[in-house]
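# Results of the structural survey
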Amino acid sequence: MTDLHLHRGGRTPTDEPRRDPRLSALLRGLMGPIPMNDVNWDALASRVGAAIRARHTPWWGYVEHWQRRAIPLAAAAGLLSATLLVHSWVTHPEALISAPDMVSAVVAGAPAEDAATAFSHSVTSAAAYAVDLLE
Amino acid sequence: MTATTTARSLLVSPTHSPDPFESSLADERRAIIERDAALVRRVREGDVAAFDEIVKSYMRQVFQVAYRVVGHREDAEDLVQDCFLAAYQYLDSYDIDRPFGPWITRIVLNRGANLRRSRARRATEPETDAVSPAPSALDEATRAEAREKLAEVMAALNERQRMIVTMFDVDGMTSTEIGERLELAPGTVRWHLHEARRVLRIALARFIEDAP
């Protein structure tokens, strides 16, 4: 007998379906109960929490993680840049002057030949400076 | 007073007062939704501890569904963890005006179906140390045969029908409770139950007759 047959027997589709003790007994026997008492709920909650925390790293977490190494590295890089800048100004002042000269020439609408000369001068000065540094 | 006005006034002022039991259930449901919404807002603002509270509130319910999907305790525990991780990851897509339970239950059903498919053999056999089978008139050979048949039939049902018939006939839940858990109308639950039972009764007829 199906549930629809039960409906024909005076029940409406809005009624709670009848229990079927034989089907339930068979299914329970085959599937067994849910082993709720075998689960360590505190351990499971901790495990889930740990997995979430392992995955959850906010952006400030990365900053915090890297700041110990990043701050000294940034300071060292700044110091090195300053030293090189001072050194280049002392040894090759034309390398620093030529680039603004080129920009000025272009902005001021200098003839193409003058701008090209300024550009080539800037490139050769920078190249000479780089060679000096390598030596 | 016109007929329309009379009908409207009858709708606005019902002749009987609302059922106090139903009303208190609705209040309780609303309180849970508000509590969960507050927790989810905190999680979205970066408070991971608030998610621990969500986990503690729902892990039993999630485990029940997970166990019924995969049929193995350890797999179910893994699935619980996996589902909460997924829920955390996709929390932005959760609508805080709706109950959290059905949302995470859908995650369990989807991810559980994938897990069950990948571990098909293990999942069809309930773990022997966790299951205390109900007394049955079936001998061991028949039980093994019935279990095999059941696994075959359950695999043929869709995820929703399988879960509904298990919740109703094995776990003893009502169609209303199942509807709330799965966020389905009770009528839809009853229809799926009817369909699932029809298939099960045909496939397991011989074993049902032997059952006590």
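Everything here concerns the structure above.
The rules we used
- Residues numbered from 1 in each chain as written.
- Chains lettered and ligands numbered in written order.
- Predicted model: local features only at pLDDT ≥ 70, side-chain atom pairs only at ≥ 80, totals over all residues.
- Heavy atoms only, no water.
- Helix = DSSP H or I, 4+ residues; strand = E, 2+ residues; numbered from the N terminus.
- Buried < 20%, exposed > 50% of the residue type's maximum accessible area, 1.4 Å probe, protein only.
- Areas by Shrake-Rupley, 256 points an atom, 1.4 Å probe, with all protein chains shown as cover.
- Core = buried A, V, L, I, M, F, W, Y, C linked by side-chain atoms within 4.5 Å.
- Contact = heavy atoms within 4.5 Å.
- Polar contact = N/O pair within 3.5 Å; in protein donor to acceptor, adjacent residues only side chain to side chain.
- Expected span 1.5 Å × (residues − 1).
- Salt bridge = Lys/Arg side-chain N within 4 Å of Asp/Glu carboxyl O.
- Phe/Tyr/Trp six-rings, centres within 6.5 Å; stacked < 30°, edge-to-face > 60°.

## Observations regarding the overall build of chain A
Tallying secondary structure elements over chain A gives six helices and zero strands in all. Tracing chain A from N to C terminus, the helices and strands come up as α-α-α-α-α-α. Residues counted as buried form 27% of the 135 residues belonging to chain A. Accessible surface, chain A: about 9,300 Å² in total, of which carbon and sulfur atoms supply 67%.

## Considerations on the nonpolar core
B:Phe51 and B:Phe84 are the most contacted members of the largest nonpolar core, which totals 72 residues. If you tally residues by element for this core, the top one is helix α3 (residues 48-70) of chain B, at 14 residues. Contacts of B:Phe84, omitting those with residues within four sequence positions, involve A:Val48, A:Ile52, B:Phe51, B:Ile54, B:Val55, B:Tyr58, B:Met59, B:Val62 and B:Ile104.

## What to know about the side chain of B:Ser175
Residue placement: B:Ser175 occurs in helix α9 (residues 175-182). Reaching out from B:Ser175, the side chain makes a polar contact with the side chain of A:Glu16 at a distance of 2.4 Å. Residue contacts for B:Ser175: discarding those within four places in its chain leaves A:Glu16, A:Pro17, B:Phe168, B:Val189 and B:Arg190.

## Comments concerning helix α3 (residues 41-55) of chain A
Counted at 1.5 Å a residue, the expected span for α3(A) with its 15 residues is 21 Å, and the 21 Å between its end C-alpha atoms agrees. Residues of α3(A) that are buried sit in contact with α3 and α4 (73-89) of chain B. N-cap assignment for α3(A): the residue whose side-chain oxygen lies 3.4 Å from the backbone N of A:Asp42 is A:Asn40.

## Quick look at the pattern of salt bridges
Within this structure, the stated rule accounts for 20 salt bridges over all chains. Where B:Arg42 meets B:Glu53, a salt bridge forms, and the shortest distance between an N and an O atom there is 3.8 Å. With B:Arg42 in helix α2 (residues 20-44) and B:Glu53 in helix α3, this pair connects stretches of sequence that are 11 residues apart. For B:Arg42, a relative accessible area of 33% gives the class partly exposed. A salt bridge links B:Arg106 to B:Glu183, with the shortest nitrogen-to-oxygen separation between them at 3.5 Å. With a gap of 77 residues between them, B:Arg106 in helix α5 (residues 100-118) and B:Glu183 in the loop between α9 and α10 (186-203) connect regions that are remote in the sequence. The partly exposed category is assigned to B:Arg106, whose relative accessible area is 38%. What emerges from the salt-bridge pattern is a single network uniting A:Arg47, B:Arg73, B:Glu77 and B:Asp78.

## Digging into α3(B)
Helix length check: α3(B) (23 residues) gives 28 Å between terminal C-alpha atoms against 33 Å at 1.5 Å per residue, more than 12% under. Downstream of α3(B) by one or two residues, B:Gly71 has phi in the positive range, about 70 degrees.

## Section: the packing of aromatic side chains
All names here are of chain B. Counted by the stated rule, this structure contains eight aromatic pairs over all chains. Summarising the aromatic geometry, the rings of Phe-51 and Tyr-88 are spaced 5.2 Å apart at their centres and angled 75 degrees between planes, so their arrangement reads as edge-to-face. Here the residue Phe-51 occupies a position in helix α3, and Tyr-88 occupies one in helix α4, the gap between them amounting to 37 residues. Taking the relative accessible area as the measure of exposure, Tyr-88 reaches 14% and is therefore buried. Seen from their ring centres, Tyr-58 and Phe-100 are 5.1 Å apart, and the 50 degrees between their planes marks the pair as tilted. Note that Tyr-58 is positioned in helix α3 and Phe-100 in helix α5, a separation of 42 residues in sequence. Accessibility expressed as a relative area gives 7% for Tyr-58, which makes it buried. Phe-100 sits in the buried class, given a relative accessible area of 1%.

It is worth stressing that arrangement in space is one thing and function is another; only the former is reported here.
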